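Reading the structure
If you want the building blocks of each chain, they are given just below.
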Amino acid sequence: MEILTLVQKIYLGFIVGFIGLAIGSFLNVVALRLLAGKDFVKGRSKCPKCENLIAWYDNIPVLSYILLRGKCRKCGEKISLQYPIVELFTGAIFIATVSMFGFTLKTLFFLVLICNLIVITITDLKEKYIFDINSIPLIPIGLAYNFFDIGNNSVGTLKVLGITFNDVFISAIIGAVLGVAFFEILSRIGLLLAGEYAFGAGDSILGAALGAWFGWKLMIIILIISFLSQLVVGIPIIVYNMYKAKDHESLWAMVTLFFALGLTFLGRYFTYTGRPFIALSIIFLSLALAGGSIFVILKRTRERQSHTFLPFGPSLVIAGLLVMFFSEYFLSYFPY
Ligand SMILES: [Zn+2]
């Protein structure tokens, strides 16, 4: 009996995986046609170079890419690696979602969210643009998801203005407001300090959407994870750009900033060994150094007129997917 259910599970996994591959293939097309400004429902796929229609047998997810060795059959133009990567990722995440949440309405809702997040990632990585059609509908869908408590996360009700709501719905409203407010405020601070908007409008909408889906607690986690992920990817690129522009002032400011961060750890060490005065002076020094170096970096950024900002959407997507799958773990950080 046990073996039978295992076989059944593997069988279902394959079916879900194949559906995911096919949908991934569709998402590639949606993203590219959105970027090209074309109607994405009608019309068959063409090779962008020779404009020949692509036969169905050359359009099988992943397999066709491997059989054609990544080249158009007619003209030999290279096919972007984006196609098989998105297809494989979609297939894998479909399997993960179904195996984690079962064949439920929750899974269906999450798959809708995931599909839009994948398209958002492609368009933001390629053109630094998030289309409203992918992001705005996620806000009402996420709110509906929590209004009807489809995720089965509600532990009680709250009365607001005399009307009783699920606690998760209230949390979703706060999360959406938090998401949009955070990026709108930071964006304006960026404008003030560095002379350009730090984030696009797309980031605010995506922030609101993720808040609407996951509530304010997980939204805080999403913001933290997305900033960490952005730092890991962004700092090497920013440093490389400073190096390329021969901006030694900024490079030294960057070194000082890291030195200041290292100092805070030293400061923490002294608090543990019971020397609060030394600890406080070290922390004060590191804060001053960090503040000074950030000031220099921002000043130089404004002077260089460098538009080196990275798309933030992919980091938000990574964070959103992480809290989707590990919500219980992240929620355990909150005391109530
Ligand atoms: Zn071709």
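The structure reproduced in this document is the subject of the present report. Quick caveat, the model's predicted, so the values are computed rather than measured.

Next up on the list: the pairing of strand E2 (residues 163-166). Judged from the four bridges that link them, strand E1 (residues 157-160) and E2 form a sheet pairing that is antiparallel. The residue of E2 that forms the bridge with Lys 159 is Thr 164. Hairpin connection from E1 to E2: two residues lie between these consecutive antiparallel strands, with Leu 161 at a positive phi of about 50°.

The next thing to look at is the coordination of the zinc ion. Binding of the zinc ion to the protein goes through Cys 47 (SG), Cys 50 (SG), Cys 72 (SG) and Cys 75 (SG), at separations of 2.3 Å. One can describe the site at the zinc ion as tetrahedral: its four donor atoms subtend angles covering 104 to 116° at the metal. Read from N- to C-terminus, the donor residues coordinating the zinc ion fall into the pattern C-x2-C-x21-C-x2-C. Residue class for Cys 47 comes out buried when judged on its relative accessible area of 5%.

In this section: the packing of aromatic side chains. How two aromatic rings sit relative to each other is set out by the distance from centre to centre and by the angle between their planes. Per the stated rule, a full pass over the model turns up 25 aromatic pairs. Ring centres of Phe 147 and Phe 148 lie 5.0 Å apart, and the angle between their planes is 85°; this geometry places the pair in the edge-to-face category. Plain terms: the ring middles of Phe 227 and Phe 312 are 5.0 Å apart, the flat faces sit at 50° to each other, and that makes the pair tilted. Separated by 85 residues along the polypeptide, Phe 227 in helix H8 (residues 201-244) and Phe 312 in the loop between helix H10 (276-304) and helix H11 (313-325) bring together distant segments of the chain. For Phe 227, a relative accessible area of 28% puts it in the partly exposed group. Residue Phe 312 is classed as buried on the basis of its relative accessible area, which comes to 3%. Each member of the aromatic cluster is reached from another via a ring pair, and the members are Phe 101, Phe 109, Phe 110, Tyr 145, Trp 213, Phe 214 and Phe 325.

For the rest of this paragraph, the subject is helix H4 (residues 105-127). With 23 residues, H4 should reach 33 Å at 1.5 Å per residue; the first-to-last C-alpha distance of 33 Å fits that figure. In terms of burial, H4 is largely enclosed, as 17 of its 23 residues are buried. With its phi angle positive at about 55°, Lys 128 sits one or two positions after the end of H4.

Across all of its chains, the model carries six salt bridges by this definition. Two residues, Asp 58 and Arg 73, come together in a salt bridge whose shortest N-O distance is 2.7 Å. Here Asp 58 is found in the loop between helix H1 (2-36) and helix H2 (63-67), whereas its partner Arg 73 is found in the loop between H2 and helix H3 (82-101), with 15 residues between them in sequence. One salt bridge in this structure joins Arg 300 and Glu 249, with 3.7 Å as the shortest N-O distance. Here the residue Arg 300 occupies a position in helix H10, and Glu 249 occupies one in helix H9 (residues 248-272), the gap between them amounting to 51 residues. The class for Arg 300 is buried, based on a relative accessible area of 18%. A network of salt bridges, in which partner residues are shared, links Asp 247, Glu 249, Lys 299 and Arg 300.

Analysis parameters
Residues numbered from 1 in each chain as written. Predicted model: local features only at pLDDT ≥ 70, side-chain atom pairs only at ≥ 80, totals over all residues. Heavy atoms only, no water. Pairing = 2+ DSSP bridges. Helix = DSSP H or I, 4+ residues; strand = E, 2+ residues; numbered from the N terminus. Donors = N, O, S within 2.8 Å, 3.2 Å for Na, K, Ca; no water. Tetrahedral: all angles 85-135°; square planar, octahedral: opposite > 155°, others 65-115°. Buried < 20%, exposed > 50% of the residue type's maximum accessible area, 1.4 Å probe, protein only. Phe/Tyr/Trp six-rings, centres within 6.5 Å; stacked < 30°, edge-to-face > 60°. Expected span 1.5 Å × (residues − 1). Salt bridge = Lys/Arg side-chain N within 4 Å of Asp/Glu carboxyl O.

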